[in-house]
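Residue-level listing of the chains:
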Amino acid sequence: MTEVRDEEPGNGVVTAFGRQLKLLRTRAGMERAELGKRLGYSPETVASIEQGRRIPQARFIEKADEALGAGGVLTALKEEVGRAQYPAFFRDAARLEADAHELFLYAVQAVPGLLQTEEYTRALLAMRRPLLDEDTIEQRVAARLSRQEAFSRWPAPLVSFVIEEAVLRKPFGGTAVLRGVLENILLIGHKRNVEIQVMPNDREDNAGVDGPFTLITPRKGDQLAYLEVQGRSILVTDRDEVRSISARYGIIRSQALTPRESLGFVEKVLGEL
């Protein structure tokens, strides 16, 4: 069992990437303005990345590697730099999620990140206290949305969600934002590898009273459980404990509405907005 706390996004690999970028640019005899023009970015953005103050997106890394004739030196860091977009407490889970064969999520506070829209994600991050700066918000929005590539990769992972009804009614960001995320839930819920279930408020039996969790089954390896609260996370690897959480998820699913009933329920909530 490993516990990780939150921290700001900058870290060693981002600093190292920035220094490598500056070295390659200097060797190529380019000013920041020239490199920025070739890549479609401002000189200020290039400077921020070189100084380790901004995390570059994958597109920037690929274009910079080509423009500077780096021969893969920069793209070799793309995966590690990409993980730096996430808050520290989620990085291990993000790596496991990206290679998962199965994902089972129980949500009680907000719509799961894999189902969020850009507007919903930005609204959640803007409400964080202490406040996040704008660059951090944009980085985390991009990172969270990039996780949704899981739905389009092949072979596709099997993904199951159980979402508390109260989550579907919380107007984070306003009614328009809520409407957008409910529409997204319906869209993703019709994918063949996805099952979404709703736990109605009127259920007298609910095995999820201990809170939210995610079960992750890697393509190679044993199932793990991921728990998150107040900027801290725990990866549970003990087989007996994971087995217990997995059994609990099975009970929660049996107590919730069926996937077909749940999509109808989401449509009903959407129609009430």
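Above: the structure in question.
Note that the structure is a prediction, hence the values are computed from the model and not measured.

*Asks:* Explain helix α10 (residues 175–189) residue by residue, including any values.
*Replies:* Note on helix geometry: an α-helix contains 3.6 residues per turn, so any two residues three or four positions apart are oriented the same way. Between its first and last C-alpha, α10 extends 21 Å over 15 residues, near the 21 Å set by a 1.5 Å rise per residue. Considered for burial, the residues of α10 that qualify are V177, L178, V181, L182, N184, I185, L186, I188 and G189. Buried residues in α10 make contact with α7 (118–126), α9 (165–169), β4 (194–199) and α12 (259–271).

*Asks:* Account for the pattern of salt bridges, with residues named and values stated.
*Replies:* By the definition in use, this model includes 14 salt bridges. Through salt bridges with shared partners, one network takes in E165, R169, K268 and E272.

*Asks:* Hey, could you go over the pairing of strand β6 (residues 224–229) for me, with residue numbers and the actual values?
*Replies:* With 3 bridges connecting them, strand β5 (residues 213–218) and β6 associate as antiparallel partners. Bridge pairing in β6 places L215 opposite A225. Between β5 and the antiparallel strand that follows it, β6, lie 5 residues; G221 among them carries a positive phi value of about 135°. Across 5 bridges, β6 lies against strand β7 (residues 232–236) in antiparallel orientation. From the neighbouring strand, V229 faces β7, where its bridge partner is R232.

*Asks:* Please give an account of the packing of α7 against helix α8 (residues 134–146) that cites residues and values.
*Replies:* Packing of α7 against α8 brings their axes to within 10 Å, and their N-to-C directions diverge by 140°. Judged on the interaxial angle alone, α8 and α7 are oblique. Of the two possible hands of crossing, α7 and α8 adopt the one that is right-handed. Residues E118, T121, R122, L124, L125 and A126 of α7 lie in contact with α8, whose contacting residues are I137, E138, R140, V141, R144 and L145.

About the criteria used
- Residues numbered from 1 in each chain as written.
- Predicted model: local features only at pLDDT ≥ 70, side-chain atom pairs only at ≥ 80, totals over all residues.
- Heavy atoms only, no water.
- Helix = DSSP H or I, 4+ residues; strand = E, 2+ residues; numbered from the N terminus.
- Expected span 1.5 Å × (residues − 1).
- Buried < 20%, exposed > 50% of the residue type's maximum accessible area, 1.4 Å probe, protein only.
- Contact = heavy atoms within 4.5 Å.
- Salt bridge = Lys/Arg side-chain N within 4 Å of Asp/Glu carboxyl O.
- Pairing = 2+ DSSP bridges.
- Axes fitted to C-alpha atoms, helices over the stretch in contact; angles between N-to-C directions.
- Parallel < 35°, antiparallel > 145°, perpendicular 65-115°, else oblique.
- Left-handed = near helix turned anticlockwise from the far one by under 90°.

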